[in-house]
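Summary of the model geometry
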Amino acid sequence: MGELAIQTKGLHKSYRTLRGTRVAVDQLDLEVPVGGVHGFLGPNGSGKTTTIRMLLGLCRPSHGTMHLLGRPVPHHLPQVMGHIGAVVERPRFFPNFSGRLNLELQAQAAGVDRARVETVLKQVGLAERANDAYRNYSLGMQQRLAVAGTLLKDPQLLIFDEPTNGLDPAGIHEVRETIRDLGREGRTVLVSSHILSEVEQIADTVTIIGRGRMLASGRVVDLLGARASRMRVQVDDPTRAAQLLVGDGLAVTLDGPALLVEGATDPARITRLLAGHQLYLRELVASRRDLESVYLELTDRHDLRPGDGPGIRLPPLPATARAQEN
Ligand SMILES: Nc1ncnc2c1ncn2[C@@H]1O[C@H](COP(=O)(O)OP(=O)(O)O)[C@@H](O)[C@H]1O
Ligand SMILES: [Mg+2]
């Protein structure tokens, strides 16, 4: 159990509404390995905040079990909370106090040595602006100050719910860099987002959910690799080429003057086949699918009904990804 920072089993939350019950989180088995950044992805309303609130004891699951840092929660929450930092809602700071003073007050309230304030200010890149009033901070700086606040206790596990919401591109970049650095220090960071590109570049592992259900989970590299590769092919006679490729068991679609060929991992197979019929390639580009298209495809097409099973499940996280810091 020590190898997972976060683990849920059959986590479920339904709300009673005027029109019946609404399932916010549906039998979710979340596994976040120790160390690195784990992206928690899903469209708006897919249950990310509800999951995070349950993990932090802010709302109660309908059923299911949860472990944080190997301890069952909410039962052991008092013991583990000292090792966890989280930003779930917009942080509240005193607008007229400096960033530093705000953190000093937080440190005092948490019983943390004031010397930590300087360390965490540096860690989030705010040391130079620490004396400015909080109200003069950009949104990105405000968010980084919130992250600094969570670092005061030097936590092993950090949980950030959509930390880049409402930020401009510069702010998004700042927060992203900060989170990436935290992951590299060997901490575990769970970061939720509905925008894939925001976590794609910083996440080592991801979980994708839709309508409260797990759609995919695993290492980012595996998630991309698990998809069939696609080639873009241009020849003088695309119709004839398409017939040949389809005849060879490949899926082909027209894309303007080009053909998109699915399912061929070896470009030589296409070259050989077409050249054998005097069709010579003018272009052959392997377009490796990015996570964005995987994400859109999964979240678009997963019109699952209850009882349909757990959706697509990638191979479990490899032992190496799990065993860090043991
Ligand atoms: N307190 C609540 N009462 C009723 N429904 C809720 C409540 N909180 C969340 N929901 C519903 O649960 C679903 C998941 O919401 P949420 O966890 O906020 O999603 P996300 O954070 O991924 O946008 C949504 O359909 C939302 O409307
Ligand atoms: Mg949310």
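Residues numbered from 1 in each chain as written. Chains lettered and ligands numbered in written order. Predicted model: local features only at pLDDT ≥ 70, side-chain atom pairs only at ≥ 80, totals over all residues. Heavy atoms only, no water.

**Focus on the pairing of strand S10 (residues 205-210)**
Put simply, the test is: Note on classification: 1.4 Å probe, protein chains only; a residue is buried when its accessible area is under 20% of the maximum for its type, exposed when over 50%, partly exposed between these limits. A run of H or I in DSSP counts as a helix once it spans at least four residues, and a run of E counts as a strand once it spans at least two, with each numbered from the N terminus. At least two DSSP bridges between two strands are required for those strands to pair.
Counting buried residues along S10, 6 of its 6 residues qualify, which places the element largely inside the surrounding structure. Of the strand pairs in this sheet, strand S4 (residues 36-41) and S10 are connected by 4 bridges, and their pairing is parallel. Within S10, the residue paired with Gly39 across the bridge is Val206. Bridge count for S10 against strand S11 (residues 213-219) is 6 bridges, and the pairing is antiparallel. Residue pairing for S11: Ile208 is matched across the bridge by Ala216.

**Notes on the environment of Leu30**
Selection rule: Note on contacts: a residue pair qualifies if any of its non-hydrogen atoms lie within 4.5 Å across the two residues.
Relative to the assigned elements, Leu30 resides in the loop between strand S2 (20-28) and strand S3 (31-33). As a C-alpha pair, Leu30 and Gln7 span 23 residues in sequence and 5.4 Å in three-dimensional space. Apart from the residues lying within four places of it in its own chain, the contact partners of Leu30 are Ile6, Gln7, Thr8, His38, Phe40, Thr51, Leu55 and Thr207.

**Examining the packing of helix H3 (residues 99-110) against helix H4 (residues 115-123)**
The following threshold applies: Orientation is described by axes fitted as lines to C-alpha atoms, over the contacting stretch for helices, and by angles from 0 to 180 degrees between their N-to-C directions. Note that the term roughly parallel is reserved for angles under 35 degrees, roughly antiparallel for angles over 145, roughly perpendicular for angles of 65 to 115, and oblique for everything else. Note: crossing handedness is left-handed where the near helix turns anticlockwise from the far helix by less than a right angle, and right-handed where it turns clockwise. Note on residue classes: Ala, Val, Leu, Ile, Met, Phe, Trp, Tyr, Cys and Pro are nonpolar, Asp, Glu, Lys and Arg are charged, and everything else, Gly too, is polar.
Relative to each other, H3 and H4 sit at 130°, their axes nearing to 9 Å. Judged by the angle between their axes, H3 and H4 are oblique. Note that H3 runs across H4; the crossing there is right-handed. Judged by residue contacts, Arg100, Leu103, Glu104 and Ala107 of H3 engage Val117, Glu118, Val120 and Leu121 from H4. Tallied by class, residues from the contact of H3 with H4 come to 5 nonpolar, no polar and 3 charged.

**Brief notes about the confidence of the model for the protein chain**
Predicted coordinates in regions of low pLDDT should not be interpreted in detail. Quick note on the threshold: A residue's pLDDT is the predictor's confidence in that residue, given on a scale from 0 to 100.
Summing up the model confidence of the protein chain, the mean pLDDT is 86 and the portion of residues at 70 or higher is 87%. The model gives residues 302-326 a pLDDT under 50, and that stretch makes 50 contacts with residues more than four places away or in other chains.

**Things to note about helix H6 (residues 169-184)**
Helical periodicity: at 3.6 residues per turn, an α-helix aligns residues three or four positions apart in one direction. Keep this limit in mind: An expected span of 1.5 Å times one less than the residue number is assigned to each helix.
Along its 16 residues, H6 runs 22 Å from first to last C-alpha, staying within 8% of the 22 Å computed at 1.5 Å per residue. For H6, the full list of buried residues reads Gly171, Ile172, Val175, Arg176, Thr178, Ile179, Arg180, Leu182 and Gly183. If you follow the buried residues of H6, they end up packed against S4, H4, helix H5 (139-151), strand S8 (157-161), strand S9 (188-193) and helix H7 (196-200). Of the residues flanking the end of H6, it is Gly186, one or two places downstream, whose phi is positive at about 95°.

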